[in-house]
Amino acid sequence: MAEENNVAEAKEEVQEQKQEVKEDTKAQEAAKEKEAEQAAPAPEPQPPKPIVHKTNFEKDVVYLFQFSRTPVIPSMSPYCLKVETWLRLAGVRYENIDHKMKFKSKKGLLPFVELNGEEINDSAVIIKELSQRFDKDLDAALDSSQKNVSHAMISMIENHLFWVLMWWRTKHPDNIIKGYKMNLQHFLGSRIPNGLLSLFFKYSYTRKGLRKVKAHGIGVHKPEEILEFGQNDLKVLSEMLADKPFFFGDEPTTLDVVAFANLAQIYFIDKELQYPLQDFMQENCANLVGHVNRMKERCFSDWEDICTTLDLNSHLPKPPPEEKEVKGKDEEKKAEKEGDSDKDEKEKSEKEIEKENEKESADKENKEKEKEEK
């Protein structure tokens, strides 16, 4: 019995040793595989696919997403007009995307741009980023003191004067549609009748706008106080501009771009409307009116074309329509010539057949005569 136990124990020891050998072998193989993996070069990480709306983008072309055109101004958004004006002034290649107001940036705002598969949003950030990437700094010639003044003036325009304009718009939504002569079907990319769109637009714009104006703080003041705020801002800009063509001399800078984008919203609105801030600007700030028109001529030579056709990309070259007309006329002439030649050939072949028939009948008559004489 004891021997049987010893044999059993011996067998167990042998099996245990075999199991240990197997485990050691597996551990050695796993270690070798791990060493091989560490020795092998790691695969290069694949670049992430661009998450953009314009997937078939062209390298170094800026794709601008903004509001639709209006018949009186290229954009009723100072921030959209600001970015497009900067792009034109800096000479950067860009293309507007006709997205029918369907796309917004990751922050939920317009404008935003896409460049080489990357989204950049917020007008100030857009200009800063594009200035660095394309080496187009409009403020390069300014000293530190002038840059500080520029920063302060831009802050006044965008954080104060803009909100005076915003307050007026939210208080008078009818005047927005009339003042900018907006076709809401075109502007919103909708087939809903303009009457219904007008009700929707006024309700939505007024509700959201008033909420923003109150949150800013300017909306709690009386109308005459808000109007005075705007007049004071215009006076400051007018005194700073003085008799210079642009705020810092003979060449426009970022301040000129921002001032133009906001002042244009006041100056170009339909003159038939009663807009106190527009009247004040025309009567008391003639140099600002001159500045707006200089910037318009400098950056938007196609202004009239934009406002007439509402084309987002009137600045891009297009094949002249005359080429199509000339081509069509040439094709018509060619078809006429081919038709004439076919007609001539047909007439020619008919005459030849007639001659052959006449010849055959003449030969037949001659043969019959010869037979009769014989």
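Residues numbered from 1 in each chain as written. Predicted model: local features only at pLDDT ≥ 70, side-chain atom pairs only at ≥ 80, totals over all residues. Heavy atoms only, no water.

- As recorded by an unreviewed UniProt entry, the chain carries the name Failed axon connections and is attributed to Nezara viridula.
- Per UniProt, the chain carries the Sequence similarities (unreviewed entry) text "Belongs to the FAX family." (UniProt positions renumbered as here; feature names shortened; annotations may be inferred.)

## Overview of the pattern of salt bridges
Right, so step 1: By the definition in use, this model includes 11 salt bridges.
Right, so step 2: Residue K296 pairs with E304 through a salt bridge whose shortest N-O separation is 3.7 Å.
Right, so step 3: Overall, K296 belongs to the buried group, its relative accessible area being 17%.
Right, so step 4: Under the relative-accessibility criterion, E304 is labelled exposed at 51%. (Salt bridge = Lys/Arg side-chain N within 4 Å of Asp/Glu carboxyl O. Buried < 20%, exposed > 50% of the residue type's maximum accessible area, 1.4 Å probe, protein only.)

## Brief notes about the packing of aromatic side chains
Right, so step 1: Per the stated rule, a full pass over the model turns up 10 aromatic pairs.
Right, so step 2: Their ring planes at 40° and their centres at 4.7 Å tell us that F268 and W303 sit as a pair that is tilted. Remark: W303 occurs in helix α12 (residues 303-309) and F268 occurs in the loop between α9 (254-267) and α10 (276-284); sequence separation between them is 35 residues. Of the two residues examined, F268 and W303, each falls in the buried class.
Right, so step 3: An aromatic cluster of at least three residues, connected via ring pairs, comprises F260, Y267, F268, F300 and W303.
Right, so step 4: Here the guanidinium or amino end of K271 rests over the ring plane of Y267, the centre of that ring lying 4.4 Å away. (Phe/Tyr/Trp six-rings, centres within 6.5 Å; stacked < 30°, edge-to-face > 60°. Helix = DSSP H or I, 4+ residues; strand = E, 2+ residues; numbered from the N terminus. Lys NZ or Arg CZ within 6 Å of the ring centre and 35° of its normal.)

## Quick word on the pairing of strand β1 (residues 62-65)
Right, so step 1: A two-sided burial pattern is seen for β1, the buried positions comprising V62 and L64 on one face and Y63 and F65 on the other.
Right, so step 2: Judged from the 3 bridges that link them, β1 and strand β2 (residues 94-96) form a sheet pairing that is parallel. The partner of Y63 across the bridge, within β2, is E95.
Right, so step 3: Each parallel crossover has a hand, and for β1 linked through helix α2 (residues 78-90) to β2 it is right-handed.
Right, so step 4: Bridge analysis of β1 against strand β3 (residues 112-115) gives 3 bridges, and the strand direction is antiparallel. Counted as the bridge partner of L64 is V113 from β3. (Pairing = 2+ DSSP bridges. Right-handed = clockwise from strand over helix to strand, strands pointing away.)

## Description of the side chain of N175
Right, so step 1: Summarising the element assignment, N175 is placed in helix α5 (residues 173-179).
Right, so step 2: Apart from the residues within four sequence positions on either side, N175 is in contact with W168, Y180, I269 and L273. (Contact = heavy atoms within 4.5 Å.)

## Structural notes on the nonpolar core
Right, so step 1: Counting residues in hydrophobic clusters, the biggest one holds 78 residues, and the most contacted among them are W86, L87, L234, L237, L263, M281 and L288.
Right, so step 2: Core analysis: the next-biggest nonpolar cluster, separate from the first, contains 7 residues, V61, F65, C80 and F112 among them. (Core = buried A, V, L, I, M, F, W, Y, C linked by side-chain atoms within 4.5 Å.)

## Re the sheet that holds strand β4 (residues 118-121)
Backbone hydrogen bonds hold the strands of a sheet together, and the pairing may be parallel or antiparallel.
Right, so step 1: Here we have 4 strands laid out as an open sheet, ordered β2-β1-β3-β4, and mixed in their pairing. With partners counted over all chains shown, the strands left at the sheet margins are β2 and β4, one partner each. Averaged over all pairs of adjacent strands, the angle between strand axes in this sheet comes to 25°, irrespective of strand direction.
Right, so step 2: Along the sheet face, helix α3 (residues 123-134) touches β1, β3 and β4 and points at about 130° away from the line of β4. (Axes fitted to C-alpha atoms, helices over the stretch in contact; angles between N-to-C directions.)

## Details of the side chain of D270
Right, so step 1: Structurally, the position occupied by D270 is in the loop between α9 and α10.
Right, so step 2: We note that D270 is buried and unpaired, the nearest opposite charge coming from K181 at a distance of 4.5 Å.
Right, so step 3: For D270, the residues in contact, after removing those within four places along its chain, are K178, G179, K181 and Q278. (Lys, Arg positive; Asp, Glu negative; His and termini not counted.)

## Quick look at unusual backbone geometry
Right, so step 1: Here the residue pair L110 and P111 is connected by a cis peptide bond, since its omega of 5° sits within 30 degrees of zero.
Right, so step 2: When you line up the elements, P111 lands in the loop between β2 and β3.
Right, so step 3: Although it is not a glycine, N116 sits at a positive phi angle of roughly 50°.
Right, so step 4: Its location among the elements puts N116 in the loop between β3 and β4.
Right, so step 5: With relative accessibility at 34%, the residue N116 sits in the partly exposed group.
Right, so step 6: One non-glycine residue with positive phi stands out, namely D135, at about 55°.
Right, so step 7: Judged by relative accessible area, which is 68%, D135 ranks as exposed.

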